[in-house]
Amino acid sequence: MERKKKVIIIVDDEPDVTLFLQTALEDNGYTALTAANAAEGLSLIRRERPALVCLDILMPEESGISLFQKIKSDPEIRDVAVIFDSGLSLARDFERLDYRHLPDGTTLPEPDGFIEKPIEAERFLALVEKVLAR
Amino acid sequence: MNAAFQSLPAEVRNWIGRQLFEHVPNNIAVIDRDFSVLISNENFREVFGDPQGKRCYEVYKGRKSVCEQCMAALTFEDGKVRVNDEVGTDRNGRPAHYVVHIAPVYDELGRVSSVIEMSYDVTETKSLQKEYNILFERVPCFVSVINRDLRIVRANGLVRDTFGEKSGEHCYEVYKNRSQRCSDCPALKTFADGKSNRSEQVGVDRNGCKTHLVVITAPLSRSGNEFSHVIEMSTDVTDIHKLSDELQKEHEFLRVLTDNAMDALVAVNEKGVVNVFNRAAEALFKTESSAVIGRAMGDQFLPREFIDTIAKGCGSMVLPDTVVADTQGEEIAVRFSGSVLYDGERVIGGAGFLQDLRPLKKLEQEKIESERLAAVGQTVAQLAHGIKNILTGLQGGMYVVKSGMRAGSEDRTAKGWEMLERNVGRITDMVKGFLSFSKGHTPKVEPIDPNAVAEDVQKLYTDAAQQKGVRLRFEAHAGIRKAPMDREDMHTCLANLVSNAMDACQASENSECSVTLRVAEVDDVVIFEVRDTGCGMDYEIKNKVFTTFFTTKGLGGTGLGLMVTRKIVQQHGGKISVDSTPGEGSVFRLEFPRDRLPVPGEDKRDLK
């Protein structure tokens, strides 16, 4: 009997990235859903309750950071694992963003992973497996 | 009477006696018991007139009766010799002081039959004494007479007023409130060498205040060669001392100030002779002040223009960037400011400050260099960032092609191939864009009408806006002055902003978006503003918008637009800023202060 596949949602405004990651994930036995912006992503996450969300940071209208804050502030979905995939450099840009401290004083947990573009399929899949194994 | 006189023959002795009687410079009279003048000498008669048949009191004092305390009467009684001061009148009726000597003359029976009165006029001496006394008391300096024990025998009024009524005390107690002799006692020195001495002393007055004194001591001889006293005269020079102290302090203050000034200070008199050359000047010109002060070397240290200014005697001057040479001939870039010095109307020289500009220039050079390196580093980082996205697309394309082939899915393989094609296209666009960005074009700055440029851009986008359902509006600033700018560059900037704004409108959920292009001028700052009611940006995106290759337009953008815009704005001395609210829209503002705009015909300031 086939085990129920784990659902992973990819939020990225670049169709090339979503197609790439979706293909890689599906080839490796996951169910991959995609959203082209943050708002779409949030409603998809609320509906599907995925095991993992892959989040681009720089998107028009609303950034991945903002979506991350919404996910982690929502008791319903805050346990969903999140990895950022971004063209930002981890050391140079990302760690300087003060995104985990909200104006109301709460401090959000760290994301579960960070993968810097360009993304290699093997590295990406290894990170996904590691995060889901926790 | 000595033996030699007694041994003379009687007629000689008589002759001498007569000569003496007549010519001794005293008044001599012999008076009998009735006070009648028996005989008198020439001097007597000269002073009092002929006394023949007159009584002595008539002659001496113009009286009619015997004086109350008649000395002669006493000598008639007891035969003793008497000396007394008398005041009488001469034959002209003027009061006269006399010292009177009265001696008895005995008859054969040994009785005092008459007295001899010898008097001499001390009127002159008396008045001198009085004058000296006034002088002693009233002279405006401290005068005291000190004996060999260093006790003050006599002191004048000023000493008493200033140091207290202390006659008989030691001078060091009186003048200095000390209990012991001073080591440099001027009175002792005079007692030792018999000469007049001058010294400076610090005394303490009756109120405990310090008094600076110039002291002159002189031997005071009262009898013979041996002198027993010293007269000490001193002048209070406390005020002069205070003044000189203040001058000294002032001088010291100025010296410290000039010596520690960061800038070299060189002052010369009207003949070019150096009279001030501070430490900074020594360091700047590599010479010692001792080698230049007092010498006519001003023209070696001060700029020619300033030397001329001193000669003409007009005002002051500033040379923001000039060159002087040090003593070894090396040229030094300096900022010079100088003033001509006057004494009233007369020019007495000039003083100049020289600030060594070399460290500043070096710093400036280093700053430009480090900015250039930082810009290179930033460009490389930005380039890498842009390539990252494309590489991801290429990686993805390859993966999807492989995946499609593995699964035998033609559809998937085709999608992957499309991805590869698209990203190769993107990298081609990017390289082209980057080349044109870095190459730039020959700038052409001319006075242009800001309204006209903005209107051109509005016209260019009118059709596109209509197709996208965006309302594009233009607000001109009536009567704005022309501004020196590169027309094509400004057009590029505004086109970029308008194009971005329309994209933001399309990305918005709001179907009735508008873009407003506005020209304004506030406080000599030309402003272009592009306002949209599109999707807006949140914090992270706002912070990234001006970075090369940053794009949120997915496949549509190279990320170069705003960076090119920023480069042009900076080349025009302006700045670009953005204000944005997610979901409500953004305002991009270009501000160009008129005083920083490039000069027409000149090359633009290149920020390479």
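In case you missed it, the structure is sitting above this.
Residues numbered from 1 in each chain as written. Chains lettered and ligands numbered in written order. Predicted model: local features only at pLDDT ≥ 70, side-chain atom pairs only at ≥ 80, totals over all residues.

Chemist: Explain helix H10 (residues 238–260) of chain B here, please?
Modeler: Taking 1.5 Å per residue as the helical rise, H10(B) with its 23 residues ought to reach 33 Å, and the 32 Å between its terminal C-alpha atoms agrees with that figure. Counting buried positions along H10(B) yields zero of 23 residues, so the element is predominantly exposed. (Helix = DSSP H or I, 4+ residues; strand = E, 2+ residues; numbered from the N terminus. Expected span 1.5 Å × (residues − 1). Buried ≥ 20, exposed ≤ 12 C-beta atoms within 10 Å, placed from the backbone.)

Chemist: Is there a simple way to think about the packing of helix H17 (residues 487–507) of chain B against helix H19 (residues 561–571) of chain B in this case?
Modeler: Packed helices, taken two at a time, are described by the angle their axes make and the gap between the axes. All names here are of chain B. At their nearest, the axes of H17 and H19 sit 9 Å apart, and the two run at 145° to each other. Here H17 and H19 pass one another in a crossing that is left-handed. Contacts between H17 and H19 involve Asp-489, Thr-492, Cys-493, Asn-496, Leu-497 and Asn-500 from the first element and Gly-561, Leu-562, Val-564, Thr-565, Ile-568 and Val-569 from the second. In terms of residue class, the contact of H17 with H19 is built from six nonpolar, five polar and one charged. (Axes fitted to C-alpha atoms, helices over the stretch in contact; angles between N-to-C directions. Left-handed = near helix turned anticlockwise from the far one by under 90°. Contact = placed C-beta atoms within 7 Å. Nonpolar A, V, L, I, M, F, W, Y, C, P; charged D, E, K, R; others polar.)

Chemist: Just checking my understanding: could you explain the sheet that holds strand E2 (residues 31–35) of chain A for this structure?
Modeler: Sheet strands line up and pair through hydrogen bonds in the backbone, either parallel or antiparallel. All names here are of chain A. An order of E2-E1-E3-E4-E5 is seen for the five strands of this open sheet, with the pairing classed as parallel. The strands lining the two open edges of the sheet, one partner per strand, are E2 and strand E5 (113–116). The mean inter-strand angle of the sheet, taken between neighbouring strand axes irrespective of direction, is 20°. Sheet topology places strand E3 (residues 52–56) next to strand E4 (residues 81–86); five bridges connect them, and they run parallel. (Pairing = 2+ DSSP bridges.)

Chemist: Explain the interface of chain A and chain B here, please?
Modeler: Size of an interface, as often reported, equals the accessible area lost when the parts are brought together. Every contact between the two is made by 26 residues of chain A and, on the other side, 24 residues of chain B. Of all the secondary structure elements, the ones that give two or more residues to the side of chain A that touches chain B are helix H1 (15–27) and helix H3 (64–73) of chain A. Residues that form the side of chain A that touches chain B fall into these classes: 14 nonpolar, four polar and eight charged.

Chemist: Even after reading the chapter, I still don't get the sheet that holds strand E13 (residues 316–325) of chain B, so can you show me in this structure?
Modeler: All names here are of chain B. The strand order across the open sheet formed by five strands is E12-E11-E15-E14-E13, and the pairing between neighbours is antiparallel. Lying at the two open borders of the sheet, with one neighbouring strand each, are strand E12 (274–277) and E13. With strand direction ignored, the average angle separating the axes of adjacent strands in the sheet is 25°. With eight bridges joining them, E13 and strand E14 (residues 331–343) adopt antiparallel strand pairing.

Chemist: Would you mind showing me how to read the packing of helix H16 (residues 450–468) of chain B against H17(B) here?
Modeler: Residue and element names in this part refer to chain B. One way to put it is that H16 packs onto H17 with a least axis distance of 9 Å and a crossing angle of 25°. Between H16 and H17, the angle falls in the class roughly parallel. Between H16 and H17 lies a crossing whose hand is right-handed. Seen from H16, the contacting residues are Val-453, Ala-454, Asp-456, Val-457, Leu-460, Tyr-461, Ala-464, Ala-465 and Lys-468; seen from H17, they are Arg-487, Met-490, His-491, Leu-494, Ala-495, Val-498, Met-502 and Gln-506. Of the residues contributing to the contact of H16 with H17, the split by class is 12 nonpolar, two polar and three charged. (Parallel < 35°, antiparallel > 145°, perpendicular 65-115°, else oblique.)

Chemist: Looking at this structure, how should I read the pairing of strand E2 (residues 37–40) of chain B?
Modeler: Strand residues, when the strand is regular, have side chains that alternate between the two faces of the sheet. Sheet topology places strand E1 (residues 27–32) of chain B next to E2(B); three bridges connect them, and they run antiparallel. Looking across to E2(B), one finds that Val30(B) is bridged to Ile39(B).

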